[in-house]
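# Examining the three-dimensional arrangement
So you can see what is in the structure, the chains are spelled out below.
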Amino acid sequence: MVGSMTVLPSPSGGPELPQERHLVTEIPGPLSRDLLARRQAAVARGVSHVLPVFITAAGGGVLVDVDGNSLIDFGSGIAVASVGNSAPMVAERVQHQAGQFTHTCFMVTPYEGYVAVCEKLAEHTPGGYDKRSALFNSGAEAVENAVKIARHATGRQAVVAFDHAYHGRTNLTMALTAKNMPYKDKFGPFAGEIYRMPMAYPLRWPGGPARCAADAFDVITGLIHTQVGEDNVAAVIIEPIQGEGGFIVPPDGFLPALAEFCARHGILLIADEIQTGFCRTGDWFACEHEGVVPDLVTTAKGIAGGLPLAAVTGRAEVMDSVHIGGLGGTYGGNPVACAAALGAIETMEAEHLTERARRIGEIMLPRLRKLADAHPIIADVRGRGAMIAIELAQPGSLAPDPASTGKVAKACHQAGLVVLTCGTFGNVLRFLPPLVIGEDLLEEGLSILEDAFAAL
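What comes next is a walk through the structure.

As a further point, take the state of the cysteines. Going through the model one piece at a time under the given rule, you end up with zero disulfides. There is no disulfide at Cys279, and the cysteine sulfur nearest it, in Cys287, is 15 Å away. Among the residues examined, Cys279 registers a relative accessible area of 0% and is labelled buried. The thiol of Cys287 is unpaired, and the distance to the nearest cysteine sulfur, on Cys262, comes to 11 Å.

Turning our eyes to something else, we now look at the sheet that holds strand S1 (residues 55-59). Taking strand neighbours across the sheet as the criterion, the four strands line up as S1-S2-S3-S13 in an open arrangement whose pairing is mixed. This sheet does not close on itself; its edge strands, each paired only once, are S1 and strand S13 (417-418). Of the pairings in the sheet, the one linking strand S2 (residues 62-65) to strand S3 (residues 70-73) comprises three bridges and is antiparallel in character. Note on S3: the bridge partner recorded for Val64 is Ser70. Helix-sheet contacts for helix H13 (residues 439-454) involve S2, S3 and S13, and the interaxial angle to S3 is about 90°.

Regular strands place their side chains on alternate faces of the sheet. Here S3 shows no split at all, with Ser70 and Ile72 on one side and Leu71 and Asp73 on the other all buried. Taken together, S2 and the strand that follows it, S3, pair antiparallel across an intervening segment of four residues, in which Gly68 is found at a positive phi of about 90°. Examined bridge by bridge, S3 and S13 share two bridges and lie parallel to one another. Residue pairing for S13: Ile72 is matched across the bridge by Leu417.

This brings us to the pattern of salt bridges. When charged atoms on two side chains of opposite charge get close, those side chains can pair. Here the structure, examined in full by the defined rule, presents 20 salt bridges. Note that Glu26 is salt-bridged to Arg33, the shortest N-O span being 2.6 Å. Given the relative accessible area of 45%, Glu26 is considered partly exposed. According to the relative accessible area criterion, Arg33 is partly exposed, its value standing at 39%. One salt bridge in this structure joins Glu123 and Lys120, with 3.5 Å as the shortest N-O distance. Of this pair, Glu123 and Lys120 are both found in helix H4 (residues 112-124), three residues apart, which corresponds to roughly one turn of the helix. In this structure Lys120 comes out as partly exposed when scored by relative accessible area, which is 24%. Salt bridges linked by common partners bring Arg204, Asp380, Arg382 and Glu391 together as one network.

Once that is clear, we can look at the packing of helix H11 (residues 353-374) against H13. Between H11 and H13, the shortest axis-to-axis distance is 11 Å and the interhelical angle comes to 20°. With respect to each other, H11 and H13 are oriented roughly parallel. In the packing of H11 onto H13, the handedness of the crossing is right-handed. On H13, the residues that touch Arg359, Ile360, Ile363, Met364, Arg367, Leu368 and Leu371 of H11 are Glu439, Leu442, Glu443, Leu446, Ser447, Leu449, Glu450 and Phe453.

Reading the values: the criteria
- Residues numbered from 1 in each chain as written.
- Predicted model: local features only at pLDDT ≥ 70, side-chain atom pairs only at ≥ 80, totals over all residues.
- Heavy atoms only, no water.
- Disulfide = S-S within 2.5 Å.
- Buried < 20%, exposed > 50% of the residue type's maximum accessible area, 1.4 Å probe, protein only.
- Pairing = 2+ DSSP bridges.
- Helix = DSSP H or I, 4+ residues; strand = E, 2+ residues; numbered from the N terminus.
- Contact = heavy atoms within 4.5 Å.
- Axes fitted to C-alpha atoms, helices over the stretch in contact; angles between N-to-C directions.
- Salt bridge = Lys/Arg side-chain N within 4 Å of Asp/Glu carboxyl O.
- Parallel < 35°, antiparallel > 145°, perpendicular 65-115°, else oblique.
- Left-handed = near helix turned anticlockwise from the far one by under 90°.

Given below as structure tokens:
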């Protein structure tokens with residue numbers, strides 16, 4: 001018994017969990033509904049959920065709820081469980097570390113795991129230069145510290161961010177984030193010296209996709225020159241593929257041109273790889289697709305197989321410009337989280353998850369494009385590797401259609417497929433399956449999605 005509710009026996013999680021969709025109740029089932037009532041009585045209403053099923057086990061490409069339903073996972077906990085839930089190398093390292101010690105605070109008495117994670121970050125992040133890293137707890141914390149470091153290193157204050165960007169929920173990262181509801185509404189005032197520029201968004205660029213890269217670059221650099229002044233800009237921060245904003249993929253050539261502009265003017269380029277990093281897009285980091293080498297990289301989500309960990313990695317001279325004691329935090333680089341990160345990275349290396357991500361894209365993109373051909377409501381199919389999305393708009397226009405997006409997502413959920421929505425206009429379905437998902441589950445999930453569109 002848990003509270004007043006009987007919970008069914010839970011299977012063990014991890015990759016040995018049967019990799020099949022299996023529904024035994026409606027979604028959500030009665031036990032999940034009981035837990036939902038308890039949630040509503042105890043959890044702040046401002047904390048949302050996508051699907052009110054309560055999970056008891058997960059692994060590979062499936063989630064098992066308290067009612068015994070096994071659901072296909074196309075969300076990975078928002079790109080966190082990329083190596084799968086309870087991946088063996090992660091679980092083994094976590095169990096061992098938890099038995100040794102769970103906390104000392106690295107700033108009091110350090111430990112090897114923190115150093116080892118920083119060494120792995122130096123190895124895998126873009127750029128062959130000498131690097132340093134600092135570890136934190138969340139993506140927002142990493143972004144906030146990257147801005148602190150950039151301002152300290154350059155002696156400048158202005159930071160340039162982009163339309164449709166999402167960088168977090170702290171005060172500074174809300175200022176960097178573009179979308180008002182639900183992230184910013186009535187939470188201000190926000191941090192200053194943030195300047196927003198238009199994003200190179202091919203589908204919605206006024207001059208059309210073919211002109212997007214050149215036009216966007218000209219507009220952005222012109223606005224920086226006239227409204228901010230290049231010598232006042234500490235950093236430009238950008239997601240190589242935007243996440244919450246709608247999985248917006250900038251056109252080829254845009255990111256390299258932006259990187260060259262930053263280097264020419266002594267502006268630090270911060271790549272927010274929190275959602276795109278750690279094999280998700282078919283490279284270790286999305287910047288690698290066009291050979292872009294940022295000055296600072298922020299990471300989190302997929303770094304530690306589900307445990308809270310984040311990092312800022314960058315050029316040694318930039319990172320080391322901050323005075324001793326200027327970076328840190330009580331829990332940053334917790335030893336158990338570091339153990340999980342080493343297990344996750346070891347899994348990515350051993351199982352060649354960059355290749356697995358590319359294979360997922362090879363399976364998903366053709367079927368999604370065929371689906372778009374059959375349903376004019378799908379205005380765009382985009383993404384790379386295992387970070388893919390479809391944008392819905394009213395046929396014959398680019399007017400966003402969030403209502404249909406919600407209907408498709410709900411139909412998928414009721415059929416046992418976990419999908420997520422996103423986008424500034426709420427009209428994008430995003431797909432982030434675990435990189436270890438089986439191809440049969442992937443194909444079955446796509447069939448469920450096709451059925452959901454057929455029922456619109």
